[in-house]
Amino acid sequence: MIHDVQWHPFDSNEIAACGANSYVFFYDRRRPGSRLQLQAHKRPVFRIAFNPIERFLFATASADATVALWDSRNTTRPLHSLFGHGAAVRCLEWNPFNAGVLASGGEDEKVCIWDLNRVGSGPSEELVFVHGGHTAPISEIAWNPNVGVCVLRIS
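Here's a quick rundown of the structure. (Residues numbered from 1 in each chain as written. Predicted model: local features only at pLDDT ≥ 70, side-chain atom pairs only at ≥ 80, totals over all residues. Heavy atoms only, no water.)

## Some thoughts on the packing of aromatic side chains
For clarity, the cut-off: Side-chain rings of Phe, Tyr and Trp, where Trp is taken by its six-membered ring, are said to pair if the distance between their centres is within 6.5 Å; with planes under 30 degrees apart they count as stacked, over 60 as edge-to-face, and otherwise as tilted. Note on conventions: DSSP H or I runs of at least 4 residues are helices, E runs of at least 2 residues are strands, and numbering of each starts at the N terminus. Accessible area is worked out with a 1.4 Å probe on protein chains only. A residue is then buried under 20% of its type maximum, exposed over 50%, and partly exposed in between. Comment: the charge-over-ring label is applied if NZ (Lys) or CZ (Arg) is within 6 Å of the ring centre and within 35 degrees of the ring normal.
All told, the structure shown has four aromatic pairs when counted by the stated rule. When the centroid spacing of 5.5 Å and the interplanar angle of 70 degrees are considered together, the rings of Phe-26 and Phe-58 count as edge-to-face. Here Phe-26, found in strand E3 (residues 23-28), pairs with Phe-58, found in strand E6 (residues 57-62); they are 32 residues apart in sequence, far enough to count as distant. The pair Phe-26 / Phe-58 is uniform in exposure class, with both members buried. Three or more aromatic residues link up through ring pairs in this structure, and these residues are Phe-26, Phe-50, Phe-58 and Trp-70. Across the ring face of Phe-46, the terminal group of Arg-90 is positioned such that the distance to the ring centre comes to 3.6 Å.

Below, the structure written as structure tokens:
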């Protein structure tokens, strides 16, 4: 089962899909029949998000309650994993104005805002804000394209 499909923001020939089998598949329309596959997590992958500013950076969200950060030039292992959710992460969205800021939402009814510029400064230092208290899982996140404020949809 496919959970998400995303076009690459820098190349209209590249597309990625992720799903229940824990893999992300990359396709290039210039090479029909070819695909690259990546086992991104050990549990289902619900979302893939390409960074709109940094060409080679993308993130995956999983049923394992983590977000993984990847460099598409080397997918042998994630650059970093983000831990802050208590249940499956269902949605991801990069801030359109800041390449290092990512929002995630999950079945734990929380939205997490991550500042990736803080990776390496200490355990979970990259988690800068948690918006909790919702009464249902977070199914979608979007950044206001005018001011970079995060808005969400609760299912």
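## Quick look at the environment of Ile-15
Stated precisely, the cut-off is as follows: Only heavy atoms enter the contact rule, under which two residues are in contact if any of them lie within 4.5 Å.
Relative to the helices and strands, Ile-15 resides in strand E2 (residues 11-19). The buried category is assigned to Ile-15, whose relative accessible area is 18%. Taking C-alpha positions, Ile-15 is 8.3 Å from Phe-25, a pair spaced 10 residues apart along the chain. Other than its neighbours up to four places away in sequence, Ile-15 contacts Val-5, Gln-6, Trp-7, Phe-25, Phe-26 and Tyr-27.

Remember, this is a structural readout, not a statement about activity or role.
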